[in-house]
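Architecture and fold: a report
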Amino acid sequence: MARVVKVFRTLRNHWKKSTFAVCVLSYGGYWLYGKHCDSVLRTEACLLAREFGRQQIAPNERLRKATVILNPAACSGKANNLFENNAAPILHLAGVEITVVKTDYEGQAKKLMEFMEQTDMLIVAGGDGTLQEVITGLLRRPDQDTFSNIPIGFIPLGSHNSLSPSLHLLSDNKVKDITSATLTILKGDTVPLDVLQINGEKEQPVFALMGLRWGAFRDVAAKLSKYWYLGPMKTNAAHWFSTLREWPLVRDISVSCLAPNLRPPDLPLQKPPRPNVLYHIMRRLKNYWSPPVEEPPKVEEPEKWEEKQLSTLELFVQTHNKNPVERRINDSLVVCAEPGDFTVGEFITVGNDKVEDPSVFTKNSTQFEASACRLQLPENSGGFFNIDNEEYEAMPVEIRLLPRKLRFFITAERRQQLQSLMQ
């Protein structure tokens, strides 16, 4: 008992050192527990991957080949270690023959896609910037019709992974997200995604999966990192400071649109069985005795563009890829424009919501669908676009929808969750 009293007396007399030691030990224990949980997640994922690797293949079959485009600079330079520790072992255990191509500088992924050879699957390991470069380089190829049929897997390693919520069940654990996305690739369930083709006045077209953003909210979000010293108040402060420099922040823009197109029925996943020889003989005889009448060639009607003048704080041209399993009547992109009558307080409140999800718009916003649109900015407007969270100089552009152009791997659980949201 005397020894216990002596320990408590020592702790009381040296309470500063005792408090510091308790904090250090608590943090160390929490850190070690997190490492243990990550190790358990890796082990479980590797055991599942080993089951794929043990599956027998026919003598004339070959191992699946995968080309991995890895951006080592993603996630503040941690992407290479994250991929090697969490994704690469799963792919190797599953018997996938992988070729890892690492990028050295911004924009290199576009050039690398020009030289990519035929592969069974394409894996993008990075963030929004890497993914946008890969699909742009892929769809700029002269033989893009063939290569666009390659299924694409996305392993979220970047600071911004806008497409991940559409494909995977996300969590607060980075290791769990990476291993889950890698296992999704092995399971092979895919979903078609729309692509936006954005043509400017100068360069080759740029392609996007989520959308194009322009306006005051975008400009404030680009400057948030400057106010890091304000901690949790930096978002409110950034929006307030922008109103002090200029108010109102309304911008005029001319939007010309084409009407949306009816969506054709989904193609069957399997080819129908081939008809027998008797069917072919009867068909040839029928065509011989009563040949089909040739229809005159259809005359293409000129495109009917409808022009609209908008005064807005924010314009977002986006796809429907936020819920890719949704069944829609039309193939269309969505043009969303926030009203220009916000007060300063409303501007700050809405800005906070848009930092979390830029695709969220208020009830009073203008929204309409189109198959293509042209954006004509006012002269000397300047500014920048965000195309899939990548910054481009603002200029007049034409945006066309390429419906169901690419196929991406999707988690079965996420597909079921998105389908339940529609009911």
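Heads up: the structure comes first, above all this text.
The structure reproduced in this document is the subject of the present report. (Residues numbered from 1 in each chain as written. Predicted model: local features only at pLDDT ≥ 70, side-chain atom pairs only at ≥ 80, totals over all residues. Heavy atoms only, no water.)

**Things to note about the pairing of strand β4 (residues 152-156)**
A large share of β4 lies buried, amounting to five of its five residues. Pairing of strand β3 (residues 121-126) with β4, which is carried by five bridges, proceeds in the parallel orientation. Bridging across to β4, I123 finds its partner in G153. (Buried < 20%, exposed > 50% of the residue type's maximum accessible area, 1.4 Å probe, protein only. Helix = DSSP H or I, 4+ residues; strand = E, 2+ residues; numbered from the N terminus. Pairing = 2+ DSSP bridges.)

**Thoughts on the environment of L333**
Within the secondary structure, L333 is located in strand β13 (residues 333-337). Between the alpha carbons of L333 and V293 there is a distance of 38 Å; along the sequence they are 40 residues apart.

**A word on helix α11 (residues 234-245)**
With twelve residues, α11 extends 16 Å from end C-alpha to end C-alpha; this agrees with the ideal 16 Å at 1.5 Å per step. The set of residues buried in α11 consists of T235, A237, A238, H239, S242 and T243. Considering only its buried residues, α11 is in contact with α10 (216-222) and α13 (344-356). (Expected span 1.5 Å × (residues − 1). Contact = heavy atoms within 4.5 Å.)

**Brief notes about the pattern of salt bridges**
Inspection of every chain in the model, using the stated rule, returns 15 salt bridges. With a closest N to O distance of 3.2 Å, D189 and R415 form a salt bridge. Pair noted here: D189 is in the loop between α9 (174-187) and β5 (190-199) and R415 is in helix α14 (residues 412-422), with a separation of 226 residues, a long-range link. Overall, D189 belongs to the partly exposed group, its relative accessible area being 27%. The network of salt bridges with shared partners includes R218, D219, R251 and E391. (Salt bridge = Lys/Arg side-chain N within 4 Å of Asp/Glu carboxyl O.)

**Notes on the sheet that holds strand β14 (residues 366-370)**
Taking strand neighbours across the sheet as the criterion, the six strands line up as β14-β13-β11-β7-β16-β17 in an open arrangement whose pairing is antiparallel. Unpaired on one side and paired on the other, β14 and β17 (390-393) mark the two borders of the sheet. Going from strand to strand, the sheet's axes swing by 20° on average, the running direction of each strand aside. Of the pairings in the sheet, the one linking strand β11 (residues 314-318) to β13 comprises four bridges and is antiparallel in character. Each bridged residue has a counterpart across the sheet, and for L315 the counterpart in β13 is A337. (Axes fitted to C-alpha atoms, helices over the stretch in contact; angles between N-to-C directions.)

**Here's the deal with unusual backbone geometry**
In this model, W247 is joined to P248 through a cis peptide bond whose omega is 0°. Positive phi outside glycine occurs at C75, with the angle close to 55°. Owing to a relative accessible area of 23%, C75 belongs among the partly exposed residues under this scheme. A positive phi angle is found at D388, which is not glycine, with a value near 50°. When you line up the elements, D388 lands in the loop between β16 (384-387) and β17.

**Concerning the packing of helix α2 (residues 15-53) against α9**
The N-to-C vectors of α2 and α9 enclose an angle of 5°; their axes lie 10 Å apart at closest approach. As summarised for this structure, α2 and α9 are arranged roughly parallel, according to the angle between their axes. Residue-level contacts link D38, L41, R42, A45, L48, A49 and F52 of α2 to V175, K176, T179, L183, L186 and K187 of α9. Taken together, the residues of the contact of α2 with α9 break down into eight nonpolar, one polar and four charged. (Parallel < 35°, antiparallel > 145°, perpendicular 65-115°, else oblique. Nonpolar A, V, L, I, M, F, W, Y, C, P; charged D, E, K, R; others polar.)

**Describing the side chain of S166**
Positionally, S166 belongs in helix α8 (residues 164-167). Of the residues examined, S166 reaches a relative accessible area of 2% and is grouped as buried. Only 2.8 Å separates the side chain of S166 from the backbone oxygen of N321, close enough to count as a polar contact. In contact with S166, other than residues within four places in its own chain, are N321, K322, P324, I410, R414 and L418. (Polar contact = N/O pair within 3.5 Å; in protein donor to acceptor, adjacent residues only side chain to side chain.)

**Thoughts on the pairing of β16**
Where strand β7 (residues 211-215) and β16 come together, two bridges link them in antiparallel fashion. Residue pairing across strands places L212 opposite I387, the latter belonging to β16. As defined by bridge partners, β16 adjoins β17 across four bridges and the pair is classed as antiparallel. Following the sheet pairing, F385 is matched in β17 by Y392.

**Focus on the packing of α11 against α13**
One way to put it is that α11 packs onto α13 with a least axis distance of 9 Å and a crossing angle of 135°. Considering their axes alone, α11 and α13 lie oblique with respect to each other. Of the two elements, α11 crosses α13, and the hand of that crossing is right-handed. When α11 is examined against α13, the residues T235, N236, H239, W240, S242 and T243 are found in contact with a partner set consisting of V344, F347, I348, G351, N352 and V355. Of the residues in the contact of α11 with α13, the class split is five nonpolar, seven polar and no charged. (Left-handed = near helix turned anticlockwise from the far one by under 90°.)

**Quick look at the packing of aromatic side chains**
Evaluated as defined, the whole model comprises seven aromatic pairs. The ring of F147 has R141 lying over it, and the distance from NZ or CZ to the ring centre is 3.8 Å. The residue whose ring lies beneath K354 is F217, and the NZ or CZ to ring-centre distance is 5.6 Å. (Phe/Tyr/Trp six-rings, centres within 6.5 Å; stacked < 30°, edge-to-face > 60°. Lys NZ or Arg CZ within 6 Å of the ring centre and 35° of its normal.)

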